[in-house]
Amino acid sequence: MENDYNVLLVVAQTPGFMAPQVRTLLHSGAQDLPAGLEEKLPSLAPVYPLYYGWFWPPRCNCNDKCCSESDLWTVEPSKETADLSAVNPLFGKLPPANEGYPAPTRPHVTSYYSNYGAQPGAKEYADLLIVNEALLGRVDTLSVLGLMVSKRTIGARLELESAMLPFWRQDDSARVEGSLGGDWPSRPVGSRAHATLALAKGVEAVETGFDTMRVFDAEARGYPDTKRTEVADGIIYDITMPSKGTGEPEHMFYYEFKTPLTPRVMYTSFY
């Protein structure tokens, strides 16, 4: 994109303390709406977003003295993993039209998937004071630990700062098929944190989170059945995953950076 930027727009339309009442009102059904509001509903933006999370800024403008090279735009997975990736199209290229590939988006970390309010707990999350305050403008710093490559996804494995964890509402201890974690895994809060960079055809972005947990489980168990290759900036692990049924064992590749990247990201919501 020629012009790529974030816009933070705060419009004083509804006082913050009224937000929960307004959301309840707009989602209570047209028959309960005050006179004059029903016809305005089609012009109103959704009250609940698709998801909340942290977004990378646009590409660095190094004419600025505050410019930092430590961001995800400086990573080129297609160079590091060209012989390892089963993802098509190659990272960094637009997918063919109408071929089942998801539309490219700016890298982000989903803290909570609201699904426009349909997800259980969406109202409670939206009403959190820390969320409402953060949506007025909040910038955090996270760590990019490395890159993950499987036949489904290319993703960045991340580590959240402790101040970011109160916003985190992902199931870090979910059971993942084809993982070394077993049926009842126990993982620390935030261990699922990731940014999706590329997806295979027909694969949903949630799969990157599953691959992140597969890497965590392998690391927690000392990388059994794993080939380790040292490179200039880190280590590439060729991880052998348990076979599914009678199928062949699957391989995943994790490129662990010697020095994690530390980009600044902005908390916001996506509609």
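See the structure above.
A short tour of the structure in this document, coming up. (Residues numbered from 1 in each chain as written. Predicted model: local features only at pLDDT ≥ 70, side-chain atom pairs only at ≥ 80, totals over all residues. Heavy atoms only, no water.)

**Brief notes about helix α5 (residues 206–220)**
Here is step 1 of the chain: Here α5 is 15 residues long and its end C-alpha atoms lie 22 Å apart, about the 21 Å a rise of 1.5 Å per residue gives.
Here is step 2 of the chain: What α5 keeps buried is the set T208, G209, D211, T212, M213, R214, V215, F216, D217 and A218.
Here is step 3 of the chain: Packing partners of the buried residues in α5 comprise β4 (143–149), β5 (153–159), β6 (194–199), β8 (234–241) and β9 (250–261). (Helix = DSSP H or I, 4+ residues; strand = E, 2+ residues; numbered from the N terminus. Expected span 1.5 Å × (residues − 1). Buried < 20%, exposed > 50% of the residue type's maximum accessible area, 1.4 Å probe, protein only. Contact = heavy atoms within 4.5 Å.)

**Let's talk about the nonpolar core**
Here is step 1 of the chain: Ranked by size, the top nonpolar core spans 33 residues in total, and within it W54, W56, L142, V144, L158 and Y267 carry the most contacts.
Here is step 2 of the chain: The greatest single-element share of this core, amounting to four residues, is contributed by β9.
Here is step 3 of the chain: Formed by eleven residues, the second largest nonpolar core is a distinct cluster that contains V215, A218, Y237 and Y254. (Core = buried A, V, L, I, M, F, W, Y, C linked by side-chain atoms within 4.5 Å.)

**Quick look at the environment of A122**
Here is step 1 of the chain: Its place among the elements puts A122 in helix α3 (residues 122–126).
Here is step 2 of the chain: Once the C-alpha coordinates of A122 and Y112 are considered, the two residues, ten residues apart in sequence, prove to be 8.6 Å apart.
Here is step 3 of the chain: If we ignore the near neighbours within four places in the chain, the residues touching A122 are Y48, Y112, S114 and G117.

**Remarks on the pairing of β5**
Here is step 1 of the chain: By the criterion of burial, β5 is predominantly enclosed, with six of the seven residues buried.
Here is step 2 of the chain: Pairing of β4 with β5, which is carried by six bridges, proceeds in the antiparallel orientation. By the bridge assignment for β5, V144 is matched with L158.
Here is step 3 of the chain: Both β5 and β6 contribute to a ladder of five bridges, which runs antiparallel. Within β6, the residue paired with R157 across the bridge is H194. (Pairing = 2+ DSSP bridges.)

**Concerning the sheet that holds β9**
Strand pairs in the sheet, formed through backbone hydrogen bonds, run parallel or antiparallel to each other.
Here is step 1 of the chain: Taken in spatial order, the six strands of this open sheet run β6-β5-β4-β9-β8-β7, and their pairing is antiparallel. In the strand order of this sheet, the two ends are held by β6 and β7 (226–231), each with one partner. Mean inter-strand twist for the sheet, computed between neighbouring axes without regard to direction, equals 20 degrees.
Here is step 2 of the chain: Alignment of β4 against β9, held across five bridges, turns out to be antiparallel. Note on β9: the bridge partner recorded for M148 is Y254.
Here is step 3 of the chain: Here α5 sits on the sheet in contact with β4, β5, β6, β8 and β9, set at roughly 60 degrees to β5. (Axes fitted to C-alpha atoms, helices over the stretch in contact; angles between N-to-C directions.)

**Structural notes on the packing of aromatic side chains**
The geometry of an aromatic ring pair comes down to the distance between the two centres and the angle between the two planes.
Here is step 1 of the chain: One pass over the full model with this rule turns up eleven aromatic pairs.
Here is step 2 of the chain: Aromatic side chains W54 and F167 sit 6.2 Å apart centroid to centroid with 80 degrees between the ring planes, which places their arrangement in the edge-to-face category. Of this pair, W54 sits in strand β1 (residues 51–55) while F167 sits in the loop between β5 and β6, and the two are 113 residues apart along the sequence.
Here is step 3 of the chain: Given the relative accessible area of 0%, W54 is considered buried.
Here is step 4 of the chain: Ring centres 4.8 Å apart and planes at 45 degrees place the aromatic pair F167 and Y267 in the tilted group. One end of the pair, F167, is in the loop between β5 and β6; the other, Y267, is in strand β10 (residues 264–270), and 100 residues separate them in sequence. The exposure classification of F167 matches that of Y267, with both residues buried.
Here is step 5 of the chain: By the ring-pair criterion, three or more aromatic residues cluster together here, those being Y51, F55 and F270. (Phe/Tyr/Trp six-rings, centres within 6.5 Å; stacked < 30°, edge-to-face > 60°.)

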